Amino acid sequence: LSDAYFNAGIYDKAYASALDAVILYPDLSMIYKLIDAASANKQPFALFRIPRGVLPNHASNDSLVPKEELKYHKTKSGRCWQYYMEAKKNIASNCDAKGNISGAGDITKQHYLEVYSWEYMLSKSKDKELDFARKMQSKGYLDCYVMVSCFHQDFYDQYKNFADLNKQRIKDYFAVLMKEYEER
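On a predicted model such as this, the values are computed, not experimentally measured, just so you know. (Residues numbered from 1 in each chain as written. Predicted model: local features only at pLDDT ≥ 70, side-chain atom pairs only at ≥ 80, totals over all residues. Heavy atoms only, no water.)

Peer 1: Would you take a moment to explain the pattern of salt bridges for this structure?
Peer 2: Should their charged atoms come close, side chains of opposite charge can pair. What the rule picks out here adds up to eight salt bridges. Here E114 makes a salt bridge to R52, at a shortest N to O gap of 3.0 Å. One end of the pair, E114, is in helix α6 (residues 113–124); the other, R52, is in the loop between α3 (28–40) and α4 (67–72), with 62 residues separating them in the sequence. For E114, a relative accessible area of 1% gives the class buried. For K135, the salt bridge goes to E180, with nearest N and O atoms at 2.8 Å. With K135 in helix α7 (residues 131–138) and E180 in helix α10 (residues 167–183), this residue pair connects regions lying 45 residues apart in the sequence. (Salt bridge = Lys/Arg side-chain N within 4 Å of Asp/Glu carboxyl O. Helix = DSSP H or I, 4+ residues; strand = E, 2+ residues; numbered from the N terminus. Buried < 20%, exposed > 50% of the residue type's maximum accessible area, 1.4 Å probe, protein only.)

As structure tokens, this is what we get:
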């Protein structure tokens with residue numbers, strides 16, 4: 001539908017259709033359709049995605065982190081991702097198999113292992129590569145940044161739960177990204 005609207009020059013509807021698709025599953029191919037429609041409608045933006053240093057934390061299985069990744073974290077540039085992995089130890093007993101957190105009020109108010117891991121990493125690391133994530137945290141959109149801009153299929157179950165509860169918030173987040181892009 002987004003392609004049809006885009007090819008017909010109806011960019012606002014192309015954007016709205018692509019955004020609805022992204023909320024269902026933030027696949028990069030749909031994100032690019034969203035970016036193209038926004039640009040054609042003179043509202044460009046970027047995801048400001050930070051490349052992952054490791055695979056996502058999993059609540060139920062430590063063996064998913066390859067040994068090569070652990071070596072990477074011993075280097076100076078990968079140190080922040082060591083904190084990301086460390087976060088799981090603090091909260092694992094409060095996570096279900098999908099990474100949804102419950103009963104951890106003394107540790108966090110966060111509902112998702114992925115977002116908690118980023119919060120923990122940001123609290124421990126001053127690494128400049130995390131500056132945009134810090135900016136989104138200060139604006140109250142770290143959850144959207146982590147779940148949408150830094151989406152990884154390995155935490156899709158967490159994303160789906162988040163998106164089901166936060167459709168409008170995700171739409172608002174893309175408006176924030178457009179503003180950030182304008183300011184650069």
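Now that the structure has been shown, the text picks up again.
Peer 1: Is there a simple way to think about the environment of Y83 in this case?
Peer 2: By the secondary structure assignment, Y83 is in helix α5 (residues 79–91). Not counting residues up to four positions away in its chain, the partners in contact with Y83 are Y120, M121, K124 and S125. (Contact = heavy atoms within 4.5 Å.)

Peer 1: Explain the nonpolar core to me, please; I cannot follow it from the model alone.
Peer 2: Side chains that are nonpolar tend, in soluble globular proteins, to be buried together. Core analysis: the largest hydrophobic core is formed by 59 residues, its most contacted members being Y15, F45, W118, Y145, Y159, I170 and F174. Excluding residues within four positions of it along the chain, F45 makes contact with Y15, L34, I35, A38, F174, L177, M178 and Y181. (Core = buried A, V, L, I, M, F, W, Y, C linked by side-chain atoms within 4.5 Å.)

Peer 1: For this particular structure, what's the right way to read the packing of aromatic side chains?
Peer 2: What describes a pair of aromatic rings is the distance from one ring centre to the other and the angle between the planes of the rings. The final tally for this structure, using the stated rule, is 15 aromatic pairs. With 5.9 Å between their ring centres and 90° between their planes, Y112 and F162 make a pair best called edge-to-face. Of this pair, Y112 sits in the loop between α5 and α6 while F162 sits in helix α9 (residues 156–165); the two residues are 50 residues apart in sequence, bridging distant segments of the chain. Taking relative accessible area as the criterion, Y112 reaches 5% and is therefore assigned buried. When its relative accessible area of 2% is taken as the criterion, F162 is described as buried. For the ring pair Y116 and Y120, a centre distance of 6.2 Å and an interplane angle of 35° mean the geometry is tilted. One end of the pair is Y116 and the other is Y120, both in helix α6 and four residues apart, which spans about a single turn. The residues Y116 and Y120 share a single accessibility class, namely buried. What links up through ring pairs into an aromatic cluster is the set F48, W81, Y84, W118, F132 and Y145. (Phe/Tyr/Trp six-rings, centres within 6.5 Å; stacked < 30°, edge-to-face > 60°.)

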